[in-house]
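# Residue-level structure breakdown
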Amino acid sequence: MLGKKWRPEFRLLRFHATDEVYLGQKGLEMNYILDTHSHTLASGHSYSTIREMALAAAERGLELLGITEHAPKMPGSCHELYFSNLRVVQRNMCGVELLLGAELNILDFNGRVDLPQSALEKLDITIASMHPPCIRFGTKEQNTAAYLKAMENPFINIIGHPDDTRYPVDFEALVLGAKEHHVLLELNDTSLSPNSSRRDPIENDIRMLEACRRYNVPIVVGSDAHIDSAVGNHEFAEKLLSEMDFPEELVVNRSVEELKSFVNKYKISRL
């Protein structure tokens, strides 16, 4: 287990980066050796290069970094051609394995995303997320249907930050869908930051994690780094997992080998 017992009053609080103690003694720390969610200059509102991100990952002691640029429907991001040319980029820098892919935008309640299947199958890793510039706010039923339909796509590996009250979701259905389709659900560290624009992420993440524990469904923690200094920063997610005493064996960040069973680069090679 990752720490001490979670207490209900946690629901009412926000994290603060300067906190040394959060509701008592800090729980045991897990060894996070990978980060699956980050962005470079190519995403249009991020501020570091691929090499800078890789160097930061190495300095944090990570073994693997996923660089997942925003897909084309995100304002200011890169064209489909960028993703098709990722073949020219080396997959190991500074001693860190790189998985290069996309954070896809879910575009409608049928789970359609903004890159074609022919592009998705060539990416090492993919995340599918809902972002306000790309999809309108739906009902709980609509949003849940969108996530579940996206999960049916065999080239979608992770559902990104399903933690925003503006996109309410049925977490039990979401977790059972992830289990059925062998898709990871993301605990997004940026969502839990005091500066996050997403609404009620703590309460929503608690509901998701409770369901994951109930149904024995793994999660992945992603930094959602938009600058090299944030690579591998899982501080807020770690505090939540510790406070909830969430099972360590359900956190994929402890094992590169376990992650490989979920991502395109390795799933496709095993077919």
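Heads up: these notes are all about the structure in this document.

### What about the overall build of the protein chain?
- Assigned secondary structure in the protein chain consists of ten helices and eight strands.
- In the protein chain, buried positions account for 57% of the 271 residues.
- Taking all contacts inside the protein chain whose residues are at least 6 apart in sequence as the whole, residues at least 24 apart take part in 79%.
- Surface accessibility of the protein chain: about 11,400 Å² in total, with carbon and sulfur atoms responsible for 52%.

### A word on the packing of aromatic side chains
- The final tally for this structure, using the stated rule, is two aromatic pairs.
- Ring geometry for Tyr82 versus Phe83: centroids 5.5 Å apart, planes at 85°, classification edge-to-face.
- Residue class for Tyr82 comes out partly exposed when judged on its relative accessible area of 25%.
- Among the residues examined, Phe83 registers a relative accessible area of 4% and is labelled buried.
- Look at Phe137 and Tyr167: their rings are 4.9 Å apart centre to centre, the planes differ by 65°, and that puts the pair in the edge-to-face class. Taken together, the residues span a long stretch of sequence, with Phe137 in the loop between strand S5 (125-129) and helix H4 (140-151) and Tyr167 in the loop between strand S6 (158-159) and helix H5 (171-181) at a distance of 30 residues.
- Given a relative accessible area of 42%, Phe137 falls into the partly exposed group.
- When its relative accessible area of 3% is taken as the criterion, Tyr167 is described as buried.
- Above the ring of Tyr266, the side-chain terminus of Lys260 is found at 4.6 Å from the ring centroid.

Rules and cut-offs
- Residues numbered from 1 in each chain as written.
- Predicted model: local features only at pLDDT ≥ 70, side-chain atom pairs only at ≥ 80, totals over all residues.
- Heavy atoms only, no water.
- Helix = DSSP H or I, 4+ residues; strand = E, 2+ residues; numbered from the N terminus.
- Buried < 20%, exposed > 50% of the residue type's maximum accessible area, 1.4 Å probe, protein only.
- Contact = heavy atoms within 4.5 Å.
- Areas by Shrake-Rupley, 256 points an atom, 1.4 Å probe, with all protein chains shown as cover.
- Phe/Tyr/Trp six-rings, centres within 6.5 Å; stacked < 30°, edge-to-face > 60°.
- Lys NZ or Arg CZ within 6 Å of the ring centre and 35° of its normal.

Note that every value here comes from positions in space, so none of it alone points to a role or purpose.
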